[in-house]
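# Inside the fold
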Amino acid sequence: MASLFRERTLGLGYSRRDSFSSSSSTAAPTASSISTSSATSRFNPAASTASLSSLPSPFGDLTSTLSDSDLRATSYEIFLSANRSSSSRPLNYISNSSHGNSPTGAASANGNSSATLQRSLTSTAASKMKKALGMRSSSYKQSTDLSNSTSKGKVKKPVSVGELMRMHMGISEAEDLRIRRGLLRVSASQVGRRSESMILPLELLQQFKSSDFTDPDEYEVWQKRNLRMLEAGLLLHPYVPVERDNVAAQRLSHIINAALDRPIETGRNNESMQVLRTTVLALANRSSDVATFESFHWADGSPLNLCLYKMLLEACFDINDETSIVEEVDELMELIKKTWGTLGINQMLHNLCFTWVLFNRYVSTGQTENDLLFAADSQLNEVAKDATMTKDPMYSKVLSSTLTAILGWAEKRLLAYHETFDSENIDSLQSIVSIGVSSAKILVEDISNEYRRRRKNEADVVLGRIDTYIRSSLRTAFAQKMEMADMKRRSSRNQQNPLPVLAILAKDASELATKEKHMFSPVLKRWHPLAAGISVATLHTCYGNELKQFISGITELTPDAVQILRAADKLEKDLVQIAVEDSVDSDDGGKAIIREMPPYEAEGAMANLVKAWLKTRIDRLKEWIERSLQQELWNPRANQEACGSSAIEVLKIIDETLDAFFDLPIPMHPALLPDLVTGLDKCLQYYATKAKYGCGSRTTYFPQLPMLTRCTVGSKFQWKKKEKPVSTSQRRNPQIATVNGDGSSSLLQLCVRINSLHKIRSEVDAIEKRILTLLRNSESAHVEDFSNGLAKKFQLTPTACIEAVQQLSEGLAYKIIFSDMNHLLLNSLYVDDPSSHRIEPVLQELERHLTVVADTINERVRTRIIADMMRASFDGFLVVLLAGGPGRAFSLQDSQVIEADFKSLKDLFWANGDGLPDDVINKFSTTVRDVLPLFRTDTERLIELYKRSNSEANGSSSKLRLPLPPTSGGWSSSDPNTLLRVLCHRNDETASKFLKKTYNLPKKLQ
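Anyway, here's the lowdown on the structure attached to this text. (Residues numbered from 1 in each chain as written. Predicted model: local features only at pLDDT ≥ 70, side-chain atom pairs only at ≥ 80, totals over all residues. Heavy atoms only, no water.)

Viewed as axis vectors pointing N to C, helix α28 (residues 602-631) and helix α29 (residues 645-663) meet at an angle of 170 degrees, and their least axial separation amounts to 11 Å. Put simply, α28 runs roughly antiparallel to α29. In contact with Val 610, Trp 613, Leu 614, Arg 617, Leu 621, Trp 624, Ile 625, Ser 628 and Leu 629 of α28, α29 contributes Ser 646, Glu 649, Val 650, Ile 653, Ile 654, Glu 656, Thr 657, Ala 660 and Phe 661. Here the contact of α28 with α29 is composed, by residue class, of 12 nonpolar, 3 polar and 3 charged. (Axes fitted to C-alpha atoms, helices over the stretch in contact; angles between N-to-C directions. Helix = DSSP H or I, 4+ residues; strand = E, 2+ residues; numbered from the N terminus. Parallel < 35°, antiparallel > 145°, perpendicular 65-115°, else oblique. Contact = heavy atoms within 4.5 Å. Nonpolar A, V, L, I, M, F, W, Y, C, P; charged D, E, K, R; others polar.)

Further remarks concern helix α14 (residues 271-284). Residues spaced three or four apart along an α-helix face the same direction, because each turn holds 3.6 residues. The terminal C-alpha atoms of α14 lie 20 Å apart, and with 14 residues this matches the ideal 20 Å at 1.5 Å per residue to within 8%. All of the buried residues in α14 are Met 273, Leu 276, Arg 277, Thr 279, Val 280, Leu 283 and Ala 284. Of the surrounding elements, those touching the buried residues of α14 are α11 (200-207), α12 (216-236) and α13 (247-261). (Expected span 1.5 Å × (residues − 1). Buried < 20%, exposed > 50% of the residue type's maximum accessible area, 1.4 Å probe, protein only.)

Turning our eyes to something else, we now look at the pattern of salt bridges. Counted according to the given criterion, the structure contains 34 salt bridges. Between Lys 525 and Asp 582 there is a salt bridge, with its nearest N and O atoms 2.8 Å apart. Of this pair, Lys 525 sits in the loop between α24 (501-524) and α25 (531-553) while Asp 582 sits in helix α26 (residues 559-582), and the two are 57 residues apart along the sequence. Judged by its relative accessible area of 37%, Lys 525 falls in the partly exposed class. (Salt bridge = Lys/Arg side-chain N within 4 Å of Asp/Glu carboxyl O.)

Turning our eyes to something else, we now look at unusual backbone geometry. In this structure, Pro 303 follows Ser 302 across a cis peptide bond, with omega equal to 10 degrees. Position of Pro 303 relative to the elements: it lies in the loop between α14 and α15 (304-314). For Trp 634, which is not glycine, the phi torsion reads 55 degrees and is therefore positive. Residue placement: Trp 634 occurs in the loop between α28 and α29. Look at Trp 634 and you get buried, because its relative accessible area is 2%. One non-glycine residue, Ala 911, adopts positive backbone phi at about 55 degrees. Position of Ala 911 among the secondary structure elements: in the loop between α38 (894-910) and α39 (918-924).

For Ile 767, the position within the fold is in helix α33 (residues 747-776). In sequence terms Ile 767 and Leu 651 are 116 residues apart; their C-alpha atoms lie 8.9 Å from each other. Not counting the four nearest positions on each side in its chain, Ile 767 is found in contact with Leu 651, Ile 654, Leu 658 and Phe 794.

The tally for this structure, following the rule as stated, stands at 23 aromatic pairs. Where Tyr 946 meets Tyr 999, the ring centres are 6.3 Å apart and the plane angle is 75 degrees; that geometry is what we call edge-to-face. Highlighted residues: Tyr 946 in helix α41 (residues 939-954) and Tyr 999 in helix α43 (residues 989-999), separated in sequence by 53 residues. A cation over a ring is seen here: Arg 361 above Phe 317, with NZ or CZ 4.1 Å from the ring centre. (Phe/Tyr/Trp six-rings, centres within 6.5 Å; stacked < 30°, edge-to-face > 60°. Lys NZ or Arg CZ within 6 Å of the ring centre and 35° of its normal.)

This part covers the side chain of Asp 300. Here Asp 300 shows up in the loop between α14 and α15. Despite its burial, Asp 300 pairs with no opposite charge; the closest candidate is Arg 286, at 9.2 Å N-O. Side chain to side chain, Asp 300 and His 297 meet in a polar contact 2.5 Å long. Those residues in contact with Asp 300 that sit more than four places away from it in its chain are Tyr 239, Asn 305, Thr 342, Leu 343 and Gly 344. (Lys, Arg positive; Asp, Glu negative; His and termini not counted. Polar contact = N/O pair within 3.5 Å; in protein donor to acceptor, adjacent residues only side chain to side chain.)

Distances and angles like these do not, on their own, reveal function.
Spelled out as structure tokens, the structure:
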């Protein structure tokens, strides 16, 4: 160990003598010495660290009577003792006056001091330790405070490693000299003894008396500190637990308590000191280990040893820059490690303690120097290796408490890293995550080893922690957004609907996801490949919970509801996109993450609300149609188009419904449009059905044919009209308005109904075109939405309107002929004498009705109505001829009258070419033209034709009686029933006898 006493040349123009020079003796320092000591106090760590916000020590609590300055002073004494006693040569004390008066004396003193302690600072190479820890290398910084201390004189810089340690420990030169002197005295009497074989507080108490201190109070404080250190090391935190009945322990406790009240006299030959020494040695000599050399245990009990060692490690930090480790840390650490024997420290405890010191310094200095965090993380890797190599319960206890403290601090920030980190300090996130994850892994391994369990998969621990950090932080951030939303909701209580806050929340959640993706996920992805996916899945769940509550509480579609659902749909698409992009390289392609994101079904919820809105509209429209038709007067003067006001209004409501639908701010107009069109189509179909209801039809007004009779000239024709049956639908709906006495609508009302239905039918095409225009103008429409034209068409309404118009047209025509003109046609025409009761009155009345129809009915359906009236008039004409009853009898000569009247009837509808076309007239007059020739056929020929047609129809033999042919209603010159009816109305004796003989028909109605 001769190298420890080898002197090195000092740089920067200073000599080693300058670093310890003083102009007075140690017994009575001069003003110069006091000035130097005062200046040195500027570097007192106690003052420097007072403002630091350190974490609670994980090593355990010491007695409150020992302050940090007490621990720092004792640790410095151990440091000096360990390094000076490492040489086998005796220590010689050289006073400051000797240093200043003789170069030879200085050389002598240096020769007996540790060369390492006196190593020049400028000769130190770049720190290997800092490089290994990943810390930036920097030159030693001179404190700016020193340059401002001109009022106290020039302050010397630390020019050696020993001087650096003294200043960093906050030890004044006077204290340093006293410690060295005491150690020199101890070494003089115990040459060759190692530091761990000495009980340093006891040895120093024996070396100094009150006369060695200029201030009695200083001596008293010094003595109490050493006694309390003995109490802490031997009684409170001993290396080997002390039994309760241990006599030496009881005696030492009594001595210390008495000394604290009244200082004891110290000195080698003092009786009280001898008792103290005997007691202390008895306690310090106890050990559970088999030592290879004499050693005492007074500072190696936990946690005292760790607290003392922590003080030494903290001296490695630059007093001018609290966040920086000095470049001479390699030399300092070499000297510090020599205290391991006294403090009971080994490499594992050193690694653990140094990790804590680095980490605690990062925290206490405001978390600004990431180098400290990197270094702590690097040192933690060594701790991880150590943790797998030992089962020492004491080490495991310290390891657990230390890592728990580190993990607790880290997780406090990581569990809400959105609050902790921003763009300015994001660089520290990686190291904090690394420290947190590493601590968690080590703790899991340590617990597993302690209980001899199978160690968890390391990857599971890491993934689990990162997963927890992400989910917790996102939930916390989302909760903060919710609080802001609640504040807005409370501030808007007076408003009717504050629900748009959820739309704002969706936007905030999307911004959170974007921030997570670009700022945090790239860092966290180092430990978890699906970091971004987990984050968006968490946000998806958080917002989904709020959205679910919202959806369950809404019953109708409102603008606010649509805004919220659209915002939710956009948020979900953004989140899913991030999850998919983040899962490209995953083993399952991101299926696990996607399974965590059940669809919001915002579009589905929106669609359901829109469908409910549509149903409400359709139901209201249907109710309106029902109510409106009950109140409709069918007044032709209600408007210029002679339509019912209900028809105009229902078309207006449909337009308003379409506008309202396409004004909805929804993204699914094309998808829901078929539902709307179908509903409106059914409403118009319902209108058409109700509009024709109760107005009758052809069968309603067509008369019941009387029974067959033989005609009798001179008899009066008694027409028996078929009673109008009351249909089931009429009984169910008796509210349909009627005008005339028979319960049916008037001619004008029927015309207005027909016009109304024609109006609706003609407007359907316009509605369909308008729907396509609105769809094209909709933002939600796409090209493919126009391909399916059927979805935009009214399929029921056109058919319903056509059928209704057809029924109303026929009903109107047959009502005019068989009801309104009953007295002229059925009760007058050809009664008694055909030549006396011609068709002229009928034509006049029919023309009047035609004029009303032509003036009222829309020209596009006018032809259809007139054609039906012509058809009804032709049917009425045939009824008079073939089923006119016994009051009507026609001779062969009357056929000319009949044919002339029929021609007049046709001419009425032809109207000299301004009426119906010839082809239409010919089409509808086919039956009449086929039957009329029978009236100019002689009776024998008619009987022959009848027998032949009857036989052909029934397949009977001519010898048998001819069956009575049924009335089919389909008149024809070859129809037996038609031929029979012509015979029944033939004013001829031959015909009467044939009917009497064949069927025994009566001459009058029974």
